[in-house]
Structure formats: structure tokens, C-alpha cells
Amino acid sequence: EVQLVESGGDLVQPGGSLRLSCAASGFTFSDHFMDWVRQAPGKGLEWVGRIRNKANSYSITYAASVEGRFTISRDDSKKSLSLQMNSLKTEDTAVYYCASGWGQGGTTILVSWGQGTLVTVSS
Amino acid sequence: NFMLTQPPSVSESPGKTVTISCTGSSGNIGSNYVQWYQQRPGSAPTTVIYEDNQRPSGVPDRFSGSIDSSSNSASLTISGLKPEDEADYYCLSYDSDTHGVFGGGTKLTVL
């Protein structure tokens, strides 16, 4: 059974930093593309970014709203995905989900989701 | 910027059929696969359709997906509606730079 478990969500001040993690199990992590998706309170889903697999050079694509502030990384040996968030803004307040899937033409066919971790940016 | 537009809400009675649309703002929606996700209140999203019309194991065949290139839209159809189908539904596809794009979501009410 595929399991994705996020951790690291917290209350942080504007301008601060936070690192989220996602522990994966139940599938061949190294083969999969991994994405981050967020959802602000009472709002819809927003795609944050993606890291591809080794066969695709671990290349990364970010949403414009987080480019230059957020960094996605993965450790295939630990079956772990991370999201380093810097220069946080109040509008980054959201539940952050990690999601997995297979690659298709550089995009991700997202099929599995974690339960999410809440990040609150407030003074 | 590529956008996907969904109706904010739809409602239908139990046992009936409902279709939720997802219309692309430009280009050819068929150039990248469309996925559909169900999100019940307080829960994480789950996948009900991937690659336009494929169902993950465990998703009943009451759920189906399709693409209409003439209207540049994707559709999620749920037949034999049940109360437990009441949820928010989101479509996902990608722009020409492989950025993910979600539709705004549709709240399904089963009356």
C-alpha cells in the first residue's frame, strides 16, 4: 500500500524559513516523480512544484508563485522528499501535500497523496 | 497563462447522473493528460480518474472521464449518485512548460 506521510508544518513568522518532509513507502520511490501541492484555508488546490526521477536527471519545475523561494529535493536512499521554504509570506499559509506518480512527457500523472501538513505564516 | 475552468457547484439527486466540466483556456487540452481528484471535507484529495479516463483500483465504475477536443474540455461523469459522492472535485492538467494547473474545483451536492 502506498503511503506518503508529511511532517514539519508549523507556525512561522513572515520572512522566515521552514522545511517540510515527506516519507514514502509501499512503492518504488526512485522510479516516481514527486510533487508538492498546497491548499490555502477554504481555497482550492494549487500546484507548487515537481522533482523528476533519476532517469530524468532529477530535474525540477516550480510554480511561478514560489520560484526562487522554495527548493524541492529528494533522497532516493531514504525514500524521502523535502520542501525547503524561505522568505515565507502570509499567502504561503496552507496545507501542503506531497503526491506521487509516474512521469509522462515531463509532467506527473499524480495518483497518490499524503494527508498534508499545515504551514501557518503569521506574526 | 493556461487556466482550467470548472463550474463552482453542481447538484443532483441520488441515483441520477452528473457531469462536471473542466475547460482549458487555450491550446489543446488533449495534449496533456487530465486527472480528476475527489476531496471530502477535512480530508486529503484522492484520485478518481487519471490519464483522461482511467480509474485507479478501488474507484467504482460509476466514475468515468472523457475529453472533448472540439470544446477543449474534459469531463467527469458520476452515475448512480450516492450520498458519499458529495465532495469537491478538481481537475488537473499541465501548461506548455509542464507546470501543473488545477481547476478551481466543483462542489458536488447530492440532494
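Above this text is the structure in question.
Cut-offs used in this document
- Residues numbered from 1 in each chain as written.
- Chains lettered and ligands numbered in written order.
- Predicted model: local features only at pLDDT ≥ 70, side-chain atom pairs only at ≥ 80, totals over all residues.
- Heavy atoms only, no water.
- Core = buried A, V, L, I, M, F, W, Y, C linked by side-chain atoms within 4.5 Å.
- Buried < 20%, exposed > 50% of the residue type's maximum accessible area, 1.4 Å probe, protein only.
- Helix = DSSP H or I, 4+ residues; strand = E, 2+ residues; numbered from the N terminus.
- Contact = heavy atoms within 4.5 Å.
- 1 Å grid on protein atoms, 1.4 Å probe; cavity = no way out; pocket = protein on both sides within 12 Å on 5 of 7 lines; lining within 4 Å.
- Points joined across faces, edges and corners; volume = space filled by probe spheres on them.
- Nonpolar A, V, L, I, M, F, W, Y, C, P; charged D, E, K, R; others polar.
- Buried area = accessible area lost by both parts, 1.4 Å probe.
- Salt bridge = Lys/Arg side-chain N within 4 Å of Asp/Glu carboxyl O.
- Disulfide = S-S within 2.5 Å.
- Pairing = 2+ DSSP bridges.
- Axes fitted to C-alpha atoms, helices over the stretch in contact; angles between N-to-C directions.

**Q** What is the right way to read the nonpolar core from this model?
**A** Note on soluble globular proteins: their nonpolar side chains tend to be buried together. Within the largest apolar cluster, 39 residues are counted, with the highest numbers of intra-cluster contacts made by A:Trp36, A:Leu81, A:Met85, A:Tyr96 and B:Phe102. Here the element with the most residues in this core is strand β9 (residues 94–104) of chain A; it accounts for five residues. Those residues in contact with B:Phe102 that lie beyond four places of it in its chain are A:Val37, A:Leu45, A:Glu46, A:Trp47, A:Trp113, B:Leu4, B:Tyr37, B:Tyr90, B:Cys91 and B:Leu92. Counting 23 residues, the second largest nonpolar core, distinct from the first, contains B:Leu4, B:Val18, B:Ile20 and B:Ile49.

**Q** Looking at this model, I keep getting lost on the layout of surface pockets. Mind explaining?
**A** Sizing a probe to match a water molecule and rolling it over the atoms shows the empty space that remains. Each pocket or cavity is described by its volume, and for the largest pocket that value is around 460 Å³. If you go around the largest pocket, you meet 18 residues; those closest to its centre are A:Glu46, B:Phe2, B:Gly100, B:Val101 and B:Phe102. In the lining of the largest pocket, the residues fall into nine nonpolar, seven polar and two charged.

**Q** Even after reading the chapter, I still don't get the interface of chain A and chain B, so can you show me in this structure?
**A** By a widely used convention, the size of an interface equals the accessible area lost when the partners come together. Across the contact, 26 residues belong to chain A and 19 residues belong to chain B. Taken together, the two surfaces of chain A and chain B that pack against each other cover about 1,700 Å², and 62% of this comes from carbon and sulfur. It is A:Leu45, A:Trp47 and A:Trp113 that lose the most area in chain A upon contact with chain B, and together they represent 32% of the buried surface on that side. Taken together, the links from chain A to chain B amount to zero salt bridges. The set of elements that each furnish at least two residues to the side of chain A that touches chain B consists of β4 (33–39), β5 (45–51), β6 (60–62), β9 and β10 (107–113) of chain A. Examining the composition of the side of chain A that touches chain B, we find that seven residues originate from one element, β10(A), more than from any other.

**Q** In this structure, what is going on with the pattern of salt bridges? I would like to understand it.
**A** Pairs may arise between side chains of opposite charge once their charged atoms sit close together. Residue and element names in this part refer to chain A. In this structure the tally under the stated criterion is six salt bridges over all chains. Between Asp 76 and Arg 74 there is a salt bridge, with its nearest N and O atoms 2.8 Å apart. In this structure Arg 74 comes out as buried when scored by relative accessible area, which is 14%. Each of Arg 38, Glu 46, Arg 69 and Asp 92 takes part in salt bridges that share partners, so that together they form one network.

**Q** Where do I start with the state of the cysteines in this structure?
**A** Simply put, disulfide is the name for a covalent bond between the sulfur atoms of two cysteines. Residues and elements named next belong to chain A. Inspection of the entire model under this criterion finds two disulfides over all chains. The disulfide that involves Cys 22 links it to Cys 98, with 2.0 Å between the sulfurs. On the sign convention where negative is left-handed, the bridge of Cys 22 and Cys 98, at about 40° about the S-S bond, is right-handed. You can see Cys 22 sitting in strand β3 (residues 18–25) and its partner Cys 98 sitting in strand β9, a full 76 residues away along the chain. Like Cys 22, the residue Cys 98 is buried in the burial classification.

**Q** How should unusual backbone geometry be read in this particular structure?
**A** Glycine aside, a negative phi is what most residues show, and trans is what most peptide bonds show. All names here are of chain B. Even without being glycine, Glu 51 reaches a positive phi, approximately 50°. By secondary structure assignment, the location of Glu 51 is in the loop between β5 (46–49) and β6 (63–68). For Thr 98, which is not glycine, the phi torsion reads 65° and is therefore positive. Along the polypeptide, Thr 98 turns up in the loop between β8 (87–94) and β9 (100–102). Residue Thr 98 is classed as buried on the basis of its relative accessible area of 15%.

**Q** Sorry, what's going on with the side chain of B:Gln39 here?
**A** Looking at where B:Gln39 falls in the secondary structure, it is placed in strand β4 (residues 35–39). The contacts of B:Gln39, once residues within four sequence positions are left out, are A:Gln39, A:Leu45, A:Tyr97, B:Ala44, B:Pro45, B:Ala87, B:Asp88 and B:Tyr90.

**Q** I would appreciate a short explanation of the sheet that holds strand β7 (residues 70–75) of chain A in the present structure.
**A** Each strand in a sheet pairs with another by means of backbone hydrogen bonds, the pair being arranged parallel or else antiparallel. Residue and element names in this part refer to chain A. One open sheet holds the four strands; their spatial order is β1-β3-β8-β7, and the pairing between them is antiparallel. Because the sheet does not close on itself, it has two edges, and the strands there are β1 (3–7) and β7. Mean inter-strand twist for the sheet, computed between neighbouring axes without regard to direction, equals 15°. As defined by bridge partners, β3 adjoins strand β8 (residues 80–85) across six bridges and the pair is classed as antiparallel. Across the sheet, Cys 22 pairs through a bridge with Leu 81, a residue of β8.

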